[in-house]
Amino acid sequence: MTIRRKAVAVAAAAAVGMPLAACGSGHTAGTINFYTNADSAEIARTASAACNKDAAGKYTVKVHVLPKAADDQRLQLARRLAGNDSGVDLMGLDVVWTAEFANAGWVEPVPDELSAKVQQTTLGGPLASAMWKTDDDLEKRLYAVPAWSNTQLLWYRPDVMQKYLGTTVAPTTWDKMLADTEKIREAGGPSWIMAQGAQYEGLMVWFNSVLVSAGGSVVDPDDASRQTLNDTPEHRAATLKTLQILKSVATAPGHDPSITNSDETAARLGMESGKAAFAINWPFVFASMRSNAAAGDVPFFKEMTAFADLVSGSPSDSELREVNDLVRTRFNFAPYPGVAEGVPAKSTIGGVNIGVASTSEQAGLAFEAAECPTTPASQKIYAINGGNPPGLKSLYDDQDFRAAYPMGDIIGEQLSAGRAATRPASPVYQSISTLVTATLSPVGGWDPESMVDKLADQVQKAIDGKGLIP
């Protein structure tokens, strides 16, 4: 590390409460310790086992499981890295950690040859989430390799729309969705719009997606020291429109009464219960609807029980396509809703990037090992077995992937450059997110006009180090 990065690392160590003199766990030559999140640990083990076989003894990837909660994952990694733990080689990094880890000198920049390869093969959204420019860099560069990505879609009930609206065409904007829902409610149909309104990262994702779709942003993409929620009339208008949409969804007649406590699971259950006509959620909900309906747990979809054995078994691609087509008659998908008619929305991406720890004493070997979990074969395992869409362009034409992901074309489009929204790229992103979600909660319980300036003030406080530090 440079002197500047060492200084940052010392400050970071103090921030997480561990002195740099703390002993690390040490390392074993040839053993690449890979720390990854709990949700994808089993899939990481499956992919790593294949990598170890291909490595033929050159290295052995050993998977270590981080805590389930993202904040706890980040804290454990920060403590290990600030403590100079040489036993950390590879890290599964949440897409929002790139700037913080790069600035702190905790993650090695990707070597030029590998970086060029990644930039040629990776979709624009996942690629952007792994790039950052520190004070030592002449321009933005890659600090991690995207392993898998994600994007939210609009999920809807085509049978409900046909019955109450005479169409199965999904709304393309939030205003149209609200209008459609009101017509359905007035006619006696399910009226909830499911979204992530609880005070946690899901609310930040919702706010950011609508904001970027409206032409706004939380911070300046080229200067993370500036908030951009109200710095120009155009940005203020985008922030105001975003807040008006969130408030309308949270307070509409017949709205989800628990929206202020709703997360991804609650949104999924709201659709499966039959109380909602629309939902914003990640692609995992499609497989959930398929399996739960087949098990007889979805009251409006009893005909799926005829496929219980098929769904619980190992269907062929053709059988899976047939079942998916049936699911789509009751539960379908569409692109993320936009703000203005005719202007495609931008959906905030999720996912994990793999970085090489600066504390690793075998960084070169670690980068070799990092390539394997991010190859098409490995990303296919993450996608089909783990439910995490790939960041590689080529896999969106893979027949097995397309059978498992009938919504694959939409996912690929929303992860592309110009359509993907990344969360604010900032070394203090965690503070920004914490203050934004705290200020927006309870969602809809505020005046949009006055909330614009309040939010802008909170974001600038986080940037200036005056806000809450999680």
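Residues numbered from 1 in each chain as written. Predicted model: local features only at pLDDT ≥ 70, side-chain atom pairs only at ≥ 80, totals over all residues. Heavy atoms only, no water.

Draft legend 1. Here's a closer look at the overall build of the chain. Helix and strand content of the chain: 20 helices and 14 strands. Over its C-alpha atoms the chain spans a radius of gyration of 22 Å, differing by no more than 12% from the 23 Å that the globule rule assigns to 470 residues. Split into buried and exposed, the 470 residues of the chain put 54% on the buried side. Once local pairs closer than 6 in sequence are excluded, the contacts in the chain between residues at least 24 apart make up 74%. Summing over all exposed atoms, the chain offers an accessible surface of approximately 18,700 Å²; the carbon and sulfur share of this is 52%. Across the chain, the 40 positively charged side chains and the 52 negatively charged ones have centroids separated by 2 Å. (Helix = DSSP H or I, 4+ residues; strand = E, 2+ residues; numbered from the N terminus. Rg over C-alpha atoms; globule rule 2.2 N^0.38 Å. Buried < 20%, exposed > 50% of the residue type's maximum accessible area, 1.4 Å probe, protein only. Contact = heavy atoms within 4.5 Å. Areas by Shrake-Rupley, 256 points an atom, 1.4 Å probe, with all protein chains shown as cover. Lys, Arg positive; Asp, Glu negative; His and termini not counted. Charge placed at Lys NZ, Arg CZ, Asp CG, Glu CD.)

Draft legend 2. Representation of the packing of helix H2 (residues 41-55) against helix H16 (residues 376-384) in the model. Packing of H2 against H16 brings their axes to within 9 Å, and their N-to-C directions diverge by 155°. Classified by the interaxial angle, the pair formed by H2 and H16 is roughly antiparallel. In terms of crossing hand, the pair formed by H2 and H16 is right-handed. Contacts from Ile43, Ala44, Thr46, Ala47 and Cys51 of H2 reach H16 at Ser378, Ile381 and Tyr382. Split into classes, the residues belonging to the contact of H2 with H16 amount to six nonpolar, two polar and no charged. (Axes fitted to C-alpha atoms, helices over the stretch in contact; angles between N-to-C directions. Parallel < 35°, antiparallel > 145°, perpendicular 65-115°, else oblique. Left-handed = near helix turned anticlockwise from the far one by under 90°. Nonpolar A, V, L, I, M, F, W, Y, C, P; charged D, E, K, R; others polar.)

Draft legend 3. Spatial organisation of the state of the cysteines. Tallying each qualifying case throughout the model produces one disulfide. Between the sulfur atoms of Cys51 and its disulfide mate Cys372 the distance is 2.0 Å. Given an S-S torsion of about -95°, the disulfide between Cys51 and Cys372 has left-handed geometry. In this pair, Cys51 sits in helix H2 while Cys372 sits in the loop between helix H15 (363-371) and H16, placing the two residues 321 residues apart along the sequence. The pair Cys51 / Cys372 is uniform in exposure class, with both members buried. (Disulfide = S-S within 2.5 Å.)

Draft legend 4. Molecular detail of the pattern of salt bridges. Counting across every chain of the model gives 23 salt bridges. Here Asp231 and Arg226 are joined by a salt bridge, their closest N and O atoms 3.0 Å apart. Take Asp231: its relative accessible area is 31%, and that puts it in the partly exposed class. Here the salt bridges share partners, and the residues they tie into one network are Arg157, Asp159, Glu303 and Arg330. (Salt bridge = Lys/Arg side-chain N within 4 Å of Asp/Glu carboxyl O.)

Draft legend 5. The arrangement of the packing of aromatic side chains in detail. Applying the stated rule across the entire model yields 10 aromatic pairs. The interplanar angle of 10° and the centroid separation of 5.2 Å between the aromatic rings of Trp155 and Phe331 together place this pair among those described as stacked. With a gap of 176 residues between them, Trp155 in strand S7 (residues 153-156) and Phe331 in the loop between helix H14 (317-327) and strand S12 (332-334) connect regions that are remote in the sequence. In this pair, the class of Trp155 matches that of Phe331, namely buried. Ring geometry for Phe401 and Tyr405: centres 4.6 Å apart, planes at 20°, overall stacked. Side by side, Phe401 and Tyr405 carry an identical accessibility label, which is buried. Taken together, the aromatic side chains of Trp155, Phe286, Phe331 and Phe333 make up a single cluster linked through ring pairs. Lying over the aromatic face of Phe300, Arg157 brings its terminal NZ or CZ to 3.6 Å of the ring centre. (Phe/Tyr/Trp six-rings, centres within 6.5 Å; stacked < 30°, edge-to-face > 60°. Lys NZ or Arg CZ within 6 Å of the ring centre and 35° of its normal.)

Draft legend 6. Region of interest: the nonpolar core. Among the nonpolar cores identified, the biggest contains 103 residues, and Trp206 and Phe207 are the most heavily contacted of them. Phe207 has contacts with Val218, Leu229, Thr242, Leu243, Leu246, Val436, Leu440 and Leu455, leaving out every residue within four places of it along the chain. (Core = buried A, V, L, I, M, F, W, Y, C linked by side-chain atoms within 4.5 Å.)

Draft legend 7. Examining helix H20 (residues 448-463) more closely. Taking 1.5 Å of rise per residue, the 16 residues of H20 would be expected to cover 22 Å, and the 22 Å separating its terminal C-alpha atoms lies within 8% of that figure. Lining the buried residues of H20 we find helix H9 (201-213), strand S9 (219-220), strand S10 (223-227), helix H10 (233-251) and helix H19 (429-440). Of the residues flanking the end of H20, it is Gly465, one or two places downstream, whose phi is positive at about 75°. (Expected span 1.5 Å × (residues − 1).)

Draft legend 8. Focus on H15. Three or more residues of H15 are buried, namely Leu365, Ala366, Phe367, Ala369 and Ala370. Considering only its buried residues, H15 is in contact with strand S1 (31-36), strand S2 (60-65), strand S3 (90-94), helix H5 (112-121) and strand S13 (347-356).

Draft legend 9. Quick peek at the sheet that holds strand S8 (residues 192-194). The strand order across the open sheet built from four strands is S8-S11-S7-S12, with neighbouring strands paired in mixed fashion. Of all strands in the sheet, those bounded by a partner on one side alone are S8 and S12. Averaged over neighbouring strand pairs, the angle between their axes works out to 20° when direction is ignored. On the sheet, helix H11 (residues 264-272) packs against S7, S8 and strand S11 (276-281) and is oriented at approximately 155° with respect to S11. (Pairing = 2+ DSSP bridges.)

Draft legend 10. The arrangement of the packing of H9 against H19 in detail. Relative orientation of the contacting elements H9 and H19 amounts to 85°, with a least axis distance of 9 Å. Between H9 and H19, the angle falls in the class roughly perpendicular. For the pair H9 and H19, the contacting residues are Glu201, Leu203, Met204 and Phe207 in the first and Tyr429, Ile432, Ser433, Val436, Thr437 and Leu440 in the second. Here the contact of H9 with H19 is composed, by residue class, of seven nonpolar, two polar and one charged.

Draft legend 11. Structural detail: unusual backbone geometry. Geometrically, the link from Ser441 to Pro442 is a cis peptide bond, its omega value of -5° lying close to zero. On the secondary structure map, Pro442 appears in the loop between H19 and H20. Notably, Ala56 is not glycine yet its phi reads approximately 50°, a positive angle. If you trace the backbone, Ala56 turns up in the loop between H2 and S2. The phi angle at Asn84 is positive, at roughly 60°, despite the residue not being glycine.

Draft legend 12. Structural view of the side chain of Gln73. Locating Gln73 in the fold gives a position in helix H3 (residues 70-82). Residue Gln73 is classed as buried on the basis of its relative accessible area of 7%. Setting aside chain neighbours within four positions, we find Gln73 in contact with Asn37, Leu66, Pro67, Lys68 and Trp97.

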